Amino acid sequence: MKILEKERIAENLTKFVINAELIAEKALPGQFIILMGWKKGERIPLTIVDADKEKKTITIIFQEVGYTTKLLGKMNAGDSLYSLVGPLGEPTPIKNYGKVIILGGGVGIAELLPVVRAYKEAGCVITSILGGRTSDLVILQDQIKEFSEELFITTDDGSLGEKGLVTDPLKQLLEKNSDYGLVFCVGPVPMMRAVSNVTRPFKIKTLVCLNSIMIDGTGMCGGCRVTVGNKTKFTCVDGPDFDGHEVDFEELMVRQKRFITHEKQSKCKLNKYVKDE
Ligand SMILES: Cc1cc2nc3c(=O)[nH]c(=O)nc-3n(C[C@H](O)[C@H](O)[C@H](O)COP(=O)(O)OP(=O)(O)OC[C@H]3O[C@@H](n4cnc5c(N)ncnc54)[C@H](O)[C@@H]3O)c2cc1C
Ligand code: FES
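Within any chain, residue numbers begin from 1 and follow the written order of that chain's sequence. Naming scheme: in the order in which they are written, chains are lettered from A and ligands are numbered from 1. Since the coordinates come from a predicted model, pLDDT governs what is reported: local features require at least 70, and pairs of side-chain atoms require 80 or more to be given and counted, while whole-chain, interface and lining totals use all residues.

> Could you give an account of the sheet that holds strand β11 (residues 162–163), naming the residues involved and the relevant values?
Only when DSSP finds a minimum of two bridges between them are two strands counted as paired. We count a stretch as a helix when DSSP gives it H or I for four or more residues in a row; a strand needs E for two or more, and each element gets its number in order from the N terminus. The sheet built from seven strands is open, its strands ordered β11-β10-β9-β8-β12-β13-β16 with mixed pairing. Two strands in the sheet have a free side with no partner beyond their single neighbour: β11 and β16 (241–243). Pairing analysis gives six bridges linking strand β9 (residues 125–132) to strand β10 (residues 150–155), with the strands arranged parallel. Counted as the bridge partner of Gly-132 is Thr-155 from β10. With respect to the sheet, helix α3 (residues 108–121) is in contact with β8 (99–105), β9, β12 (182–186) and β13 (206–209), its orientation differing from that of β8 by roughly 165°. Two residues qualify as a contact pair if the distance between their C-beta atoms, derived from the backbone, is within 7 Å. Lines fitted to C-alpha atoms define the axes here, with helix axes fitted over just the stretch in contact, and angles between the N-to-C directions of these axes take values from 0 to 180 degrees.

Here it is in structure tokens:
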């Protein structure tokens, strides 16, 4: 599992093209891998952004948010990952939904790419809305634009597109015309909750791609459990895509913070490691 290419696509955002023949052969849009960068490293889930059967490669894009992703960002082309498992999860349901709105926030935009491409190939007419805190974080605009009839961009600080949140253009579009067959959203949990709240009164099918904390990725440990429609689901095997109108986002947000003390301790360890380097 050699890293063949490494590209810095924005500050703290890295792309790897990895040699992974068996995963590339089977991967479908919406699926993910769980990787370990090194022996005794943490297992972390990352979306398969692209899979090339002929080149026998997969592409991942990750944001350096904590211990594992920051160390992963220090690996280079030529280095090998310790382990890679996948493709995992249920693929995103792809069919012609007619008019579709796709929303991506931050690194979620990378996770959106294979899905947008597949919806386009299925015949959907796509309006994309991308958002980020600032312009640098609104990545892959050209690639998303290629598959979209319309593209709206929002940034929190107004450095690109409209100043505001992705829900602003979403509301405006739905108030003008609500004949959309699907809204699909990937991003931070508060964003996916806000999008689901906007679409609920319009009764538009809304899929959200959940990023709950995963450990084994096989439905055994229960780490990724979420409540959807009052039923317990495991994001790794039942998802990661779920009906946004049915997800208990409040519970998910509490569960996301379970390991916050450990994450802070790891960051201190990392700062020491970087200083000693
Ligand atoms: C199905 C799925 C697909 C994902 N795809 C991508 C992607 O394509 N690109 C990307 O940048 N990120 C993706 N993530 C999130 C990514 O897994 C986390 O950012 C990463 O695990 C953080 O690890 P860390 O040690 O660097 O940070 P930490 O400091 O340990 O954690 C930072 C935050 O990352 C999340 N996190 C930590 N550990 C895990 C874990 N084992 N599983 C899930 N989330 C965790 C938590 O919300 C935590 O608060 C995905 C998550 C899931 C569940
Ligand atoms: S990650 Fe263990 S059950 Fe999903």
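Now that the structure is up, let's keep going.
> So what's going on with the pairing of strand β4 (residues 44–47)? Which residues, and what values?
Residues are called buried when their C-beta atom has 20 or more other C-beta atoms within 10 Å, exposed when it has 12 or fewer, and partly exposed otherwise; all C-beta atoms are positioned from the backbone. Side-chain alternation along β4 places Ile-44 and Leu-46 on one buried face and Pro-45 and Thr-47 on a second face that is also buried. Both strand β3 (residues 32–36) and β4 contribute to a ladder of four bridges, which runs antiparallel. Of the residues in β4, the one forming a bridge with Phe-32 is Thr-47.

> Tell me about the domain arrangement of the protein chain, and please be specific about residues and values.
Note on interface size: it is often stated as the accessible area lost on association of the parts. Assigned domains of the protein chain: these are domain 1 (3–88) and domain 2 (99–256). Summarising the inter-unit geometry, the C-alpha centres of domain 1 and domain 2 are found 21 Å apart. On the domain 2 side, the residues contacting the 18 residues of domain 1 number 17 residues. At the level of secondary structure, the elements contributing two or more residues to the side of domain 1 that touches domain 2 comprise β1 (3–10), β3, β4, β6 (57–63) and β7 (83–88). Class assignment of the residues belonging to the side of domain 1 that touches domain 2 gives a composition of 12 nonpolar, three polar and three charged. As used throughout, domain bounds are those supplied by an automatic or database domain assignment. As a working rule, the residues Ala, Val, Leu, Ile, Met, Phe, Trp, Tyr, Cys and Pro are called nonpolar, Asp, Glu, Lys and Arg charged, and the rest polar, with Gly in that last group.

> So what about the site of ligand 1? Which residues, and what values?
Using a C-beta atom placed from the backbone, a residue is described as near a molecule or strand when that atom lies within 6 Å of it. Close contacts around ligand 1 come from 25 residues, with Ile-44, Thr-47, Gly-66, Thr-68 and Thr-69 the closest. Secondary-structure elements contributing two or more residues to the shell around ligand 1 are β4, β6, α2 (67–72), α3 and α9 (260–276). For the shell around ligand 1, the element with the highest residue contribution is β4, accounting for four residues. By residue class, the composition of the shell around ligand 1 is 13 nonpolar, nine polar and three charged.

> I'd like a rundown of the nonpolar core, residues and numbers included.
The term nonpolar core means buried Ala, Val, Leu, Ile, Met, Phe, Trp, Tyr and Cys residues held together as one set by C-beta atoms within 7 Å. In this structure, Ile-33, Ile-58, Ile-60, Val-100, Ile-109, Val-116 and Val-195 are the most contacted members of the largest nonpolar core, which totals 76 residues. In terms of residues, this core owes the most to one element, α3, which gives seven residues. Domain assignment of the residues forming this core places at least three in each of domain 1 (3–88) and domain 2 (99–256). In this structure Ile-109 touches Gly-104, Leu-130, Val-138, Ile-139, Leu-140 and Ile-144, once residues within four positions along its chain are discounted.

> Any chance you could break down the sheet that holds β4 for me, citing the residues and the numbers?
Taken together, the three strands give an open sheet; going across it, the order is β4-β3-β7, and neighbouring strands pair in antiparallel fashion. In this open sheet, the two edge strands, each paired with only one partner strand, are β4 and β7. If you compare each strand with its neighbour and ignore which way they point, the axes differ by 25° on average.

> How would you summarise the environment of Gln-31 if you had to cite specific residues and measurements?
In this structure, Gln-31 sits in the loop between α1 (21–26) and β3. The exposure class assigned to Gln-31 is buried, which follows from the 21 C-beta atoms found within 10 Å. Sequence spacing of Gln-31 and Leu-103 is 72 residues, and the spatial spacing of their C-alpha atoms is 18 Å. Among residues more than four places away in sequence, those in contact with Gln-31 are Ile-48, Gly-86, Pro-87, Leu-88, Gly-89 and Pro-91.

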